[in-house]
Structure formats: C-alpha cells, structure tokens
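Below are the chains, spelled out letter by letter.
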Amino acid sequence: MALKQYKMEPSHILTIEWHMMDKSRFFSLNLVNSFFLRATLYPFTVIKTRLQIQKRHAMYRGTYDAFKKILCYEGFHGLYKGFWINTIQIVSGVGYITTYEKVRHLLTEYANIDDKRLKGLIGGGCGSLVGQTIITPFDVVSQHMMMLGQRSNSITKLPKTSHTLNINFNHKHKGSVASSIIKELYRRDGMKGFYRGYFASVCTYVPASALWWMFYPLYSEWLASFLPTSTSHVLIHCMAGPVSGISVCIITNPLDIVRARIQVQRMDSFLGTSSLLWKEERLGIFTKGLSARLVQSGIFSFLVVLGYETLKRWSVHDQYKDQIRW
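Conventions adopted
Residues numbered from 1 in each chain as written. Predicted model: local features only at pLDDT ≥ 70, side-chain atom pairs only at ≥ 80, totals over all residues. Heavy atoms only, no water. Helix = DSSP H or I, 4+ residues; strand = E, 2+ residues; numbered from the N terminus. Buried < 20%, exposed > 50% of the residue type's maximum accessible area, 1.4 Å probe, protein only. Contact = heavy atoms within 4.5 Å. Salt bridge = Lys/Arg side-chain N within 4 Å of Asp/Glu carboxyl O.

(A) Spotlight on the overall build of the chain. The helix and strand inventory of the chain stands at 10 helices and 0 strands. Listed by position from the N terminus, the elements making up the chain come as α-α-α-α-α-α-α-α-α-α. Expressed as a percentage of the 326 residues in the chain, the buried residues total 53%. Across the chain, contacts joining residues at least 24 apart in sequence account for 77% of those joining residues at least 6 apart.

So, in structure tokens, the structure goes:
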C-alpha cells in the first residue's frame, strides 16, 4: 500500500537541507554533542564487544549479566576501557556527516533525485565509507583494550593480556597500555594491522548506515501521515530514529559479530570467520550480543536524532527560521 503523503502547512519544512544551515555553527555544536553522546553510551559498546567475542556463554550469560559482573569485579572504570582512544573517533563524525549531507545535496542538485529515502540510502552509505576509513584503526586498538581484565567471579580472572597479542599489562599506566597495543600491532602487521577487519567493517557499517538513513525518512513520513499536523517535527524524528536503529540492528547483527571477531581475534578471512561462527553458534549469530546492540542503538538513535535535529534548527539561516517547526 502506498504511503500516505504527509500533509503540513506550506510554510513548514520537515527536512532541513544542507544549504539552509550555518556550517561552522553546526559542526562546533556537533563535536560537543558527539562527545557527550559517546560517553553516555560507551558501556554498551564494551558489553556488546565482550558478548560478541566470547564463545557461547563462556563469561557472560547476557547483557545484564555482563554489566553486573564488569561493575562488580572490575569497577565502574571497567565499563570505559579504551574510551579515550575510542573518543578520537568523533573526528570521523565530521567526515561522516559532511559526506552524508553533501552527497544528498549533490544528488538533488545534479541528478535531480528528490526521493528522501533514496538520497538517504546513497548518502548514508557514502558517509559510512568515509567514516570507517578514519575510524577503523582507533576501533581496533580500543577493542583490544575493552577485553582486558575480564572476570566472571571474584576468583576467576582472565590474564591481563590483550587476548591474542600476549602483552603483559600488569602495573602499566593506561596510556602505556594503549601505546603497547599500538606498538605490538605495528610490530606484527605494520600499518595493515590497524586496518584489520576494515573490509568486514565496511561490509557491516556501510549497509547499516545506508539502511538507517533510508528507514529514517520512511518512518518519519509514516508517523507524520497519521499523527496530528500540529505534532512537533522533532518528536516525529525522535520516534523514527530508534525504530530505524532497531530495524538495522536486527538485519546486520551477524555481520557485526564477524567484524568484531576479525578485529579482536585476528582472524584473516571474512568468509572463514563467518563459517567458523556458524559452526560455533548456528542460529545464535542472529541474537548473540543483540540485546546490548538493540539497547545501545535505540538510545543512541534517539539521542543522535534529538541532537542532530536540534543542532540543525539552531544552525539554520535566518531566512528559513519561519519555515521550521520544532
């Protein structure tokens, strides 16, 4: 059935386009927003990574069990292992959002494409490709740090080594831990060691990003089609964002597990890792670490959309302000 067209007052714009904004204001506000968002949701990234790397239920039975054990046996800082290395990734967010918005603008300007879903699909995929090229080295290092010092109880403790790197980190300062991982990765594999799993990351995040930005306007228009015309546009977007994130998580979860296994357990082949994972987990690949991803993605999508749409409205040029509804 065709989607009912959203009816709104002619003066109101549902989607704020790239040319409508003050870019310097938007990017400065976006960097601050990205940092606080990443800090809020980072524990779910740690939990998701540990659940994906473990074989079956070797350490944790699920998201809540992992959260409880990390907090109990490693302390609050256990939920933030590798955080500062991972936070450098906010720089990639500038490349990601710039590429996304610019591609959408070019598709409209030169290809005469007005379908927001198609522009979102293409723009989101291109943005993710640029973002992953910047992110992957920091992702590799931070994921090794996330795996340090795991405990399932007060007695059982994994050796304080970076899983497959076999570096002894006892009595080392946090900064030297990151430095040791970087040096060992370079010693073993050279620069390509920092891009281990890059192909898997691209295969995971490019379609995930493309689908998210395709679903986002689709769900926004669907919600707007039956909600009262006076409904806040930001509220509509904030409802559409989490539904988009949850949809993408369910579709791409097996790919994300393969990516994590390649980067942390140093496996070489995407197909080989997929085959081994299937032998180990069978249909569990569709649910392994999924609850943590769903919680993370739902909250992340809500906060990203809230921040993204708010920042766009704060950054819009004066001549468009009367056409924008909050």
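(B) A look at the pattern of salt bridges. Taken as a whole and judged by the stated rule, the model has 13 salt bridges. One salt bridge connects D256 with K48, and the closest N-O pair in it is separated by 3.4 Å. Of this pair, D256 sits in helix α8 (residues 233-264) while K48 sits in helix α1 (residues 23-53); the two residues are 208 residues apart in sequence, bridging distant segments of the chain. Just as D256 is buried, K48 falls in that class too. When the shortest N-O distance is used, the salt bridge between E184 and R187 registers 2.7 Å. In this pair, E184 and R187 both sit in helix α6 (residues 174-189), 3 residues apart, roughly one turn of the helix. Judged by relative accessible area, which is 59%, R187 ranks as exposed. Each of K48, D256 and R293 takes part in a single network of salt bridges with overlapping partners.

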